[in-house]
Structure formats: C-alpha cells, structure tokens
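# Structural overview
For reference, the chains in residue letters:
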Amino acid sequence: MNAPFSPYLARIAPGLKELISLLRQRYDYVSVLSTDSTGFQVSISQRAKSVSRDTLCTERGTVVRVYRDGLYAESAFTGFDPAEAEKTCASICAELDEQLDLLRECGVEPYETAVLPDEPQTIFTEMETGRMPEDEDISALVDRLTAVSDRGMEQGKARGLNLIDFTVRASSTHICKLFLTGNRDLRQSYVYSEGMAAALVAGEEKTDFAYTSESERFGPELFDHVEDRIPEVLRVAKDLVSAERVEPGEYEVITSPEVTGLIAHEAFGHGVEMDMFVKGRALGADYIGRRVGSDLVTMHEGALCAEDTSSYAFDDEGTPAGDVTEIDHGILRTGICDALSALRLGTKPTGNGKRQNFSHKVYTRMTNTVFDSGSSTLEEMIASVRKGYLLEGMQSGMEDPKHWGIQCIIDRGYEIIDGKLTGKVVSPLVMTGYVPDLLGSVSMISSDRKVFGAGYCGKGYKEWVKTAQGGPYLKAKVRLG
Amino acid sequence: MSDKHLNQLIDILKSSGADAWEVADINEWGWEFYFIRHRLDQHRTKAVDSFSVKVYKDLEEGKFLGSASSRISPDASAEEMRRIVDGLCRDAAYVRNPFYTLNPPSGNEAAAEPAPLDMKNVCAAFLRAMRSLPETETESLNSYEIFVSEIRRRFMNSSGIDVTSVYPSSMVEAVVNARKDGHEIELYRMLKSGTCDPAQLIKELTEALTSGRDKLAASPTPALEKADVVFSTDPARELYCYFLSRLDTAMVYRGMSDWKIGDIVAPENLTLQAVRTLPNSSWNTPYDEEGAPIRDLVLIDHGKAVSYWGRRQFSQYMKLDSSFDVYNFAVSGGSETEAELRAGDYLEVVDFSDFQVDEITGDIAGEIRLAYLHQGGIVTPVSGGSISGNMSELAKTMRFSKESRQYNCHLIPSVTRLKDVTVTGC
C-alpha cells in the first residue's frame, strides 16, 4: 500500500496558502512547512512495559519563513486555524517586528543573504509501505514482544548467562509534511520503523548492556520476525561479560558495517555539512578536489542513496532529495548543503536542509551516509591482519569538522593475531585519530554493505534528527584506547 | 491553550473508562537569535503548545496497572481528542505493569506564580553580553546562537493534583576561534541557564577564548598509560551525574544499578543533595513532570547512599511514597583546596570532544581536545588522544575540592582529581 497523506494537512493547506499570500504583501519571500506525523513506540521487558503514541519524530505544527532586506526570520507555532489566516499573519508580523526593534536597539547588523528562488514545482508523494503504524494491532505486537523478551531470558539462561532483563523495543513513524510557497506545493507521506533488542547482563565485575538494532523505511512489518534477533543479542552479551580492557595503541582493524557507518558519519558526514563552510568551521572547505582517503574510498550522502529512516522526497526547505558523491576514490569532491547556505556559498542545495521538528531551525544535516563497497571478502580481510581487532557495535561518536579529529566509542573488539580470530574480546574502545590518516589507511573493502538507521544525530549537543549510515567492512589503521 | 480546550479534554478523559489519567498542558514561548560572527543569520519566534496525556487501566482487579500516553495537538477537535483517548484506553489494557498509584495532591499546590518573563529585556542582556566579550584579532567568536524561552506547564491528574510551573529556560551555544600564523582552531561551548547572568556568561566565554589561545600551542598528547587526571570544567558534571543516576529508582528497579541504601557508594566525604532551586538554574520548577513537589533531599551522605529518588512508578515499586524527579543537585564535602588538588604531576583536561560516563557500566571515555600536562613543574598544553577507565574503580580514590562551581542545574566541586586513569596518546 501507499502511505496516505495527512487529511489534516490537506484541510489546512488552503488557509496556509492564504497566509502566504497575506505575508507576501510585507515580505519578498515566504514559505511554510507544516507537519502532521504520527506513530507509536512499544517497549517490553521483564520489569517494565510501556506503550506511547509518540516517537521523537511525531509532531504537528507549522513554521513560516520570511525574507526582507537581506534577512531571514521564522515563526513556529501550533494550532493553525485556516479561517484565521489574517489574525495569524498579524501576530507573526507583530512579534517579528518586535524582535527587529530590539535588534536595532542593540546595534545588530544582518548577515545579508540573497532571496531564495521560487520556481513553480509540485510534488505529491505517498511512498509505498507495508502496514501503517496507525493501523497496527498493538495488542498483538505487545504479545509478540513479550514472548521475545521471555524467550530471550530463557535462552540466555540456557547459555549460562546471568541475564537481568531482556528488552525489546519497536517504534514506527508515519511522516507527513507539506511545503508551500507562492509557487510551490510539495506534499510527502512515508513510514519508517526501528527496532531494538537488548540484554542486560551481569558479569563478575560489572553489568553490561548488549543490544542490536534494525530499521527500514517501511511499516511495522519490520517487527514480524523480531525473535530472530535473540541469538545475536545473546552472542553480544556473552562477549561483553568476558571482555577485557584494550591495551592502548595503534592497531590494524576491520570495521563492521555499523562501525564503518559511524566513521562515515563522524568523519566526512559532519565534516562536509556546508553550513559549517559558511562559518569557516570546516576544514573540508579547503580540501575540495584534494586527497582525503585512499584510492579505495568512495562515499555517498543523500536521501536517495539508500532506503532507510532518512529517505524522503524533499527536505524541510522544499529541496528535492539528492545523492551526492562526497569522496570519489579518495578525492573530496563536494559537501552537502541546505538552501540558505547554498545561496551564501553560490552553490546548489543538495536536499539536506533538516529540522529537529517544525519548531527548530534548519541546518545542513545528513540523511544516508554510506561508503561504497569494494571487492574483498571478510575472510580475506581477517586473514591479512597480523595483530589487530575486528570492531563491532557502536556506542557514540562526536564530530570535529574544524580539526578533522574523530572520536568513536566502539562496543567491542575481537582480537585477530596472525590472520585468525583468537576469541579474546575487548570492550569498550575509544577510537581516535586524524580523519585523513584513518581514511588514507583504508587498504581493503568488502563487497557487501549494510545501512543502519535506528539512531539519531545531533549537531553539537542538540538538534536531533534521524540519520542512517553504513557501508561494507573496511580494513584500516586506528588508535584505540 | 484555552481552558475550554483543556476542560473538554478532561471531560473526555472522565467519560472514557480510564481508571486514572494525567494531563500536562505545556506552552513554550521562545525567541531565538543566530549569529555568524556578530552578524545576524536569522531570528525566530516560537509559540508551541501541546497536551501530554496518559491514561491508566486497572487490570486483573488491581494486580496490574496498564498505561498508554500520547501528545495531543492544540487544534485537535473534540472528536479527534476522543478518538485518541479511546485508543489510549485500548492500548493501556495490554500493558501489564505491577500496580501503583498516581501522585496525590501535596496540600500546598498554591505555589506563587512567578512574574512573567521579560522576554525583550532578557534577550537584550544576552545580545549585549555577547558583544562585550574581550575578543582580539587572534581570539574571537566564530558564531553563536541565543535561545530564550518561558515554559508554562499545568499538570492535572485524576487524584486531584492541579499545579502549574512557570520557569525560564535559556541557552547560548558559542563557537570560539583562535588563530596564529595561518592556523586556526575552535572550541565549542553550550551554556544553559534560567535567564541571562551577563557576568557569568562573559566569564565562561572569556575562559574559552583563553583556552583557544592555548590550544593553538598544544602538542600531541603523549601516551601516559596511567595518570592522574584533573577535571575543572563542565565535563566534570558527568562524574557526579553517575552517582545520581545510580540511585534513580528506575535504574535500581530495572537492575541497571545494584546500589543499596546504606552502601558506601562514593568517596567518604562526598555528600550529594537534590535541591529545589539553584540560582538561575533552568530547572527551577516547584513540581516534577508528574506533579510531585520537589524538595531538598540528601541522597548520598558522606559517601553512604541514604535515599533513592525517581518518578512515581518505580519509586512506588521500591516503597518510596514521596519521591520526585531530581533536576538540580549540589555536591559538597571536599576538604582540599583547588591548589592542593593541583599538586604534583597530572593531566588537567579542560575540553573534550564528548566526555561520557556510562551509568550502567561505569565506563568513562573521551577524546582530549585540550589539556594541560603538568610534569616536573612544567606545564604543556596538549591535544588529541583519549582518557578511559571505570568509575567503580576510580571513585575509590577520587578527590575533590572544597570550592565549588555551578553549571546550570549542578553545583559541583570546582576541581575533581581521578587517579590512575588510562591516557592514550596520539
């Protein structure tokens, strides 16, 4: 089936068009983004259960962007009444004028920017999905997740693990967005789903949390076979309770697709967000056309380059989704860009202008960030390592576009000596280094690839949005602590 | 949101078949200003309202309590609200948690309502403070964002609570640059507060400008293997949040923390207290999100766990009747001065990429963006590499100053020293 577009947004669209028309009498550019996204989240464990009709991306509200005298301003609000467009217009203008008075009093000068183009365009997309979150049988889902939690506990005990709990989480979100200007009418509706299974396991010295996740740009059918995750979670749990601390140093490593995705995201995902170019905050601006990785490294970014939780038809500024080749055989080709940054840099937007929700500002943000596949097998890659680790699972990462440092906290490392896995596990690992050194050391890439979209990405420590990242196995040299 | 709308929702809840319910009517009014250097990138206003609704169903004659929650938009029609509430009642019937009761009225709900936020003046104070920093040709602001908002939250439940919290919440995110001989570095700061305290804001960002200058001269961090590490900036909060989290009833009940009342869980002189207010904290609300009154409460007394804290459900499971969510806390008990803690050889890390303390495992980790290596009386700025370790070991020899410093909702020792931390060089 196709995910149906929101009747609420369809109902208020004429009123929003009237609002745009009224605001255009005062401003040189006006756009409106309205959202109506619904969903659910179910979390089941032995000790606590919850059902909510909210996810981080469920929302309903409107943001108006206006432009005059070289300056952009926005007003975000809830509760738009289509019959009260004039009143809403007056309220927006009055408050923005009040802000301008204050800014003038404080002697603030604008960062002058050109006006956004407003070429006629119409998009109406209802993406294909399986089931809809709003139609999901929550009773059956609770029963299924409860059975998985029970089975996880039983199987864990049968394997000799001291399991404290086994948690299963399922969430599904139906995104509906309406973007309007005087000449443009863009409407999209799609569904994505995320699942997580986790074991809380007590070891001799500490308690640890083993988890796996999955995601898809489809409906709650993702959870039909969630019990298949149990063996993987228990394997990770067993590995974590036996893990030791790594001896700090530089190692040859093979990164699993999840860790590869984390590197993609933190290294040249954030590193080429071009709103950072405008501020002079990204070293990448000086490296376009220059080598930043080995010849094996090619990396794509865009809502179109994979199908996962951040694969939309247009971004939050009405720019159609794209697929950008950021790194081509080791050469940095371009970055990703929101519409205002593109105006300021004299380039074209790439469909990466995203908001945490309607009430937040647009920044350049990632969608799907993915390394291209190579030609090696995982077995060949392991056999080539003299002393190092196979890295699996991610905990967190932090970008550093200005200096190209990288911090990735990795869940587990599996020791490899003379081309063979020894069975020794280390956890957790802090992977740090200089991004071009890391990417320059990539010497083998596997022929498969996988994308992970169950996490959220912040810009600094705020502005959380859905992103997906991944790729194949990479062989590289990194510093672990 | 209008009282009419709220009353309509409550009427729907009362007739829905729910055995209990909670409603929060949340209004956020905010002004925001975004700057590239000192030029205005854009300005924004925000007026966002929503209802947060939770319904409860008694299951199997009070053995279990089911619940389900949802936000409801302020422009939802009565029909839409009824459809959502009916759906929640159905969902709640599938969620079999052990029975507990909702917070009862505390008897002193009529807390004085604070004066409304003077938005224009608070924003003006931020704007002027940011333009009065001691910037130079070589150390300056790259960009900054100012957020000022007033949160109004009315909470009602079927037990009779009807309380309103109104509080300001502000934030400045700033990026500082320093440059020399064609080389430029940056440092990042996120400073939260209630309203604007210009002196504090200027102090914090002036320190960042100084750190920026030092980072320019930083050498690569050497591999120290094990070293004493001193924390004297914002990331130190994470060390103390670890102690707080481990006493959260949700953590303890779910087996993520094994701390018990009476256990020695922290250095013997450490006292950690939940406090109702801290000066200019962005969390000075009289009630938590479930309507429980917030009060001062000692959680760790001279290293010994003396009280759990937490939200209603898990606190009831742990036989706590008057618990609450902790937002502000204060740590005290240090007996050494900052100078005493800075004696001998140590690495003082003032800026991390992202310093983290895992509240379940106790693992600590962070990449070093700027640190000062003190060895044999020589101080060297260093950058790169990382620190790691585990709090269950490190807490045993942790030392902290008698002087304190406030970071928004946390009042903590101004200097904390950990022994034998793993330092990986770069």
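Quick caveat: nothing in here was measured; it's all calculated off a predicted structure.

The rules we used
Residues numbered from 1 in each chain as written. Chains lettered and ligands numbered in written order. Predicted model: local features only at pLDDT ≥ 70, side-chain atom pairs only at ≥ 80, totals over all residues. Helix = DSSP H or I, 4+ residues; strand = E, 2+ residues; numbered from the N terminus. Buried ≥ 20, exposed ≤ 12 C-beta atoms within 10 Å, placed from the backbone. Contact = placed C-beta atoms within 7 Å. Pairing = 2+ DSSP bridges. Axes fitted to C-alpha atoms, helices over the stretch in contact; angles between N-to-C directions. Nonpolar A, V, L, I, M, F, W, Y, C, P; charged D, E, K, R; others polar. Core = buried A, V, L, I, M, F, W, Y, C linked by C-beta atoms within 7 Å. Domains from an automatic or database assignment. Parallel < 35°, antiparallel > 145°, perpendicular 65-115°, else oblique. Left-handed = near helix turned anticlockwise from the far one by under 90°.

## Here's the deal with the environment of A:Glu317
Residues and elements named next belong to chain A. Inspection of the secondary structure puts Glu 317 in the loop between strand E11 (299-301) and strand E12 (324-328). Judged by the 21 C-beta atoms lying within 10 Å of it, Glu 317 falls in the buried class. Along the backbone, Glu 317 and Leu 345 are 28 residues apart, and their C-alpha atoms lie at a distance of 17 Å. With sequence-adjacent residues up to four places away left out, Glu 317 is seen in contact with Asp 338, Ala 339, Gly 353 and Val 362.

## Thoughts on the sheet that holds strand E21 (residues 410-413) of chain B
Residue and element names in this part refer to chain B. Reading across from one edge, E12-E11-E10-E13-E21-E20 is the order of the six strands in this open sheet, with mixed pairing throughout. A strand with exactly one partner marks an edge of an open sheet, and here the two such strands are strand E12 (304-305) and strand E20 (404-407). With four bridges connecting them, E20 and E21 associate as antiparallel partners. Following the sheet pairing, Tyr 407 is matched in E21 by His 410. Where helix H5 (residues 236-245) meets the sheet, its contacts fall on strand E10 (271-275), strand E11 (297-301), strand E13 (328-332), E20 and E21, and the angle it forms with E21 comes to roughly 105 degrees.

## Side note on the pairing of strand E8 (residues 184-202) of chain A
All names here are of chain A. In terms of burial, E8 is a largely internal element, 16 of the 19 residues being buried. Note: strand E6 (residues 121-126) against E8, six bridges, orientation parallel. By the bridge assignment, Phe 124 is partnered in E8 with Arg 187. Note: strand E7 (residues 163-180) against E8, 17 bridges, orientation antiparallel. Counterpart to Leu 163 in the pairing with E8 is Val 201. Strand direction decides the pairing type here: E8 and strand E9 (residues 207-216), joined by 10 bridges, are antiparallel. The partner of Leu 200 across the bridge, within E9, is Phe 209. Between E8 and the antiparallel strand that follows it, E9, lie four residues.

## Here's the deal with the sheet that holds strand E13 (residues 331-332) of chain A
All names here are of chain A. The strand order across the open sheet built from six strands is E13-E12-E11-E16-E25-E22, with neighbouring strands paired in mixed fashion. The open sheet terminates on both sides in strands that have one partner only, identified here as E13 and strand E22 (450-452). Pairing of strand E16 (residues 368-371) with strand E25 (residues 468-471), which is carried by three bridges, proceeds in the parallel orientation. Along E25, the bridge assignment pairs Val 370 with Gly 470. Relative to E25, helix H5 (residues 257-269) is tilted by about 115 degrees, and along the sheet it contacts E11, E12, E16, E22 and E25.

## A word on unusual backbone geometry
Glycine aside, a negative phi is what most residues show, and trans is what most peptide bonds show. Here A:Ser427 and A:Pro428 are connected by a cis peptide whose omega angle stands at -20 degrees. By the element assignment, A:Pro428 lies in the loop between strand E19 (420-426) and strand E20 (429-434). If you check the backbone angles, B:Asn280 has positive phi at about 60 degrees while not being a glycine.

## Quick notes on the interface of chain B and chain A
On the chain A side, the residues contacting the 62 residues of chain B number 64 residues. The class makeup of the residues in the side of chain B that touches chain A is 23 nonpolar, 22 polar and 17 charged. As judged from the two bridges shared by strand E5 (residues 109-110) of chain A and strand E2 (residues 39-59) of chain B, these two strands associate in the parallel manner. Bridge pairing in E2(B) places A:Glu109 opposite B:Arg39.

## Section: the nonpolar core
Core analysis: the largest hydrophobic core is formed by 234 residues, its most contacted members being A:Ala199, A:Ala210, A:Val233, B:Val55 and B:Val229. Among all residues touching B:Val55, those that are not within four sequence positions of it are B:Leu13, B:Ser16, B:Ala18, B:Trp21, B:Ser67, B:Ala68, B:Val85, B:Leu88, B:Cys89 and B:Ala92. Judged by nonpolar contacts, the second largest core, of 32 residues, contains B:Tyr34, B:Val148, B:Ala178 and B:Leu216.

## Quick notes on the domain arrangement of chain A
By a widely used convention, the size of an interface equals the accessible area lost when the partners come together. Residue and element names in this part refer to chain A. Splitting chain A by domain gives domain 1 (7-40 + 50-126), domain 2 (133-176 + 186-241) and domain 3 (249-480). Domain 2 and domain 3 are separated by 25 Å when their C-alpha centres are compared. Residue-level contacts link 14 residues of domain 2 with 16 residues of domain 3. Listed by contribution, the elements that provide at least two residues to the side of domain 2 that touches domain 3 are E8, E9 and helix H4 (230-241). Looking at the side of domain 2 that touches domain 3 residue by residue, the class counts come to six nonpolar, three polar and five charged.

## Some remarks on the packing of helix H3 (residues 138-158) of chain A against H4(A)
Packed helix pairs are specified by the crossing angle of their axes together with the interaxial distance, meaning the distance between the axes. Residue and element names in this part refer to chain A. Between H3 and H4, the least distance of the axes is 10 Å, while the angle of their chain directions is 45 degrees. As far as their axial angle goes, H4 and H3 are oblique. Read as a crossing pair, H3 and H4 show a hand that is right-handed. Judged by residue contacts, Val 148, Arg 151, Gly 152, Gln 155 and Gly 156 of H3 engage Ile 230, Val 233, Leu 234 and Ala 237 from H4. Its residues placed into classes, the contact of H3 with H4 shows five nonpolar, three polar and one charged.

## Thoughts on the domain arrangement of chain B
All names here are of chain B. When the domains of chain B are assigned, the result is domain 1 (3-213) and domain 2 (219-426). When each unit is reduced to the centre of its C-alpha atoms, the spacing between domain 1 and domain 2 is 25 Å. Opposite the 24 residues of domain 1 that make contact, domain 2 presents 20 residues. Counting only elements with at least two residues in the side of domain 1 that touches domain 2, the list comes to strand E1 (20-36), strand E5 (139-157), strand E6 (162-180) and strand E7 (183-193). Tallying contributions element by element places E6 first for the side of domain 1 that touches domain 2, with five residues. Grouping the constituent residues of the side of domain 1 that touches domain 2 by class yields 10 nonpolar, 11 polar and three charged.

## Let's talk about the environment of A:Thr347
Residue and element names in this part refer to chain A. Mapped onto the secondary structure, Thr 347 falls in the loop between helix H7 (339-345) and strand E14 (353-354). Residue class for Thr 347 comes out partly exposed when judged on the 14 C-beta atoms lying within 10 Å of it. If we ignore the near neighbours within four places in the chain, the residues touching Thr 347 are Cys 337 and Ala 342.

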